[in-house]
Amino acid sequence: MNTTPTAPFSVGRLPGEADDHFLGLEHAVRMATDAALLTEALVGKAITRTAIICIHGQVGLGKTFAVNAACRKLAPDTTVWLQFAQAPHLAQIRAALWDGLNLPGPAPVNTTHICDEQIRKTLASAFHLLLFDEVQHLGPAALEYLRDLWDKNSKTAKSLAIVLVGSGNTRQKILHRSALHSRVHRWQQFSPLTPAEILTVIPGYHRLWNDAEDDVLLWIDDCAGHGCFRTWANLTVILQDTLDNDPKLAFSKDLVRWAFSQLDPTTRFPGHVGIDR
C-alpha cells in the first residue's frame, strides 16, 4: 500500500478492522446500524450487478467505516481501495490504479494509451471492486476517466464494480457529470443518528456507555454529539483515557461536562462547566 506522507494517493487492500475505530479505540464494537446494513446491501448490489454506487454525506457519520466493513465481508480479496489528495491529475489516477492492480514496474504515464490498455485488460481478466474514498477530491477529468473505465468494461467483460464514497459536494460533483450520474445504480446519503438510534446504538458501541441512562445519552447528544458517530467516538476516547489515567474517578455527568471542554467549543452548545483537572 502506498502510504508515504508525500504521496498524492493511497492505494492497496482494505484497512484492517481494528484500523476503522477512531484513534484505535479499544473495546469499540462495530454496530449494525440501519445505515450500515443498507450500505452492505448496496455494496452487494454493486457486486452482483457489476455496477457503480455512491455513498455520500457529512463527515464523521460512518460512511467509510460502513463501506470498509461491507467490502471486507463481501469482496475481501477483490477490493482495491484508493484515496487521493486534492484534485489529482490523470497521471496520478493511472499510477494509483496501476499500483492497486499489482501491475509490474512503474505505470507508463508518458504513454497513456499503453497504460490504459493494460489497466483495462487487467480489470477485464477477473472481477474487481474499485473503492474510491474521499471522492469530493476528484475533478471532472478524473470522474470521466472512471466512467470511461466502467463503460468499456460493462460492454465486454462485465467484471468491474465501483463504489464512490465522499463528503461535502460529492453528489453535486457527480450530478454535474451527467454521463456518470446516469450510470450510478444506487445512492445512499448518510445522516446523523436520530435520538432513537442514539438509545439503541451507543450503549452497545462501547462498554463505557453500557449502563448509561437514556436521559444522559440524549443530554450528551444534544450538547455535543449531534448524531455524529465520530464525535461520540472522540468523547469515548477522552473519557476512557481519563478514567484509565485516574482510577479514583468514576463516570459522571460532571466528568462528561469536563470532556465537553476538550472539544471544539463551536461544535457544542455553550454553558457547560468544567471540573478541576
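The structure under discussion appears in the preceding block.
A brief look at the structure comes next. Because the structure is a prediction, the values reported are computed rather than measured.

### Overview of the overall build of the protein
And then number 1: Within the protein, the secondary structure is distributed over 11 helices and six strands.
And then number 2: Along the first, second and third principal axes, the C-alpha set of the protein runs to 65 × 35 × 30 Å.
And then number 3: In the protein, buried positions account for 48% of the 277 residues.
And then number 4: Of the contacts formed within the protein by residues at least 6 apart in sequence, a portion of 73% connects residues at least 24 apart.
And then number 5: Carbon and sulfur atoms make up 52% of the accessible area of the protein, which amounts to about 13600 Å² in all.
And then number 6: The distance from the centre of the 26 positive side-chain charges to the centre of the 28 negative ones in the protein is 12 Å.

### Description of helix α10 (residues 229-245)
And then number 1: With 17 residues, α10 should reach 24 Å at 1.5 Å per residue; the first-to-last C-alpha distance of 24 Å fits that figure.
And then number 2: Turning to α10, its buried residues number three or more, namely Phe229, Trp232, Ala233, Leu235, Thr236, Val237, Ile238, Leu239, Gln240, Thr242 and Leu243.
And then number 3: Buried residues in α10 make contact with α8 (195-205), α9 (214-225) and α11 (253-260).

### Thoughts on the nonpolar core
And then number 1: Core analysis: the biggest nonpolar cluster contains 34 residues, and Leu82, Leu97, Ile119, Leu130, Phe132 and Leu164 have the highest contact counts within it.
And then number 2: Contributions of two or more residues to this core are made by β1 (9-12), β2 (52-57), β3 (79-84), α3 (90-100), α4 (112-125), β4 (128-133), α5 (140-154) and β5 (160-166).
And then number 3: Looking at which element gives the most residues to this core, the answer is α5, with six residues.
And then number 4: Aside from chain neighbours lying at most four places away, what touches Leu82 is Ser10, Val11, Ala96, Leu97, Leu130, Leu131, Phe132 and Asp133.
And then number 5: Counting 30 residues, the second largest nonpolar core, distinct from the first, contains Leu25, Val216, Val256 and Trp258.

The rules behind the values
- Residues numbered from 1 in each chain as written.
- Predicted model: local features only at pLDDT ≥ 70, side-chain atom pairs only at ≥ 80, totals over all residues.
- Heavy atoms only, no water.
- Helix = DSSP H or I, 4+ residues; strand = E, 2+ residues; numbered from the N terminus.
- Buried < 20%, exposed > 50% of the residue type's maximum accessible area, 1.4 Å probe, protein only.
- Contact = heavy atoms within 4.5 Å.
- Areas by Shrake-Rupley, 256 points an atom, 1.4 Å probe, with all protein chains shown as cover.
- Lys, Arg positive; Asp, Glu negative; His and termini not counted.
- Charge placed at Lys NZ, Arg CZ, Asp CG, Glu CD.
- Expected span 1.5 Å × (residues − 1).
- Core = buried A, V, L, I, M, F, W, Y, C linked by side-chain atoms within 4.5 Å.

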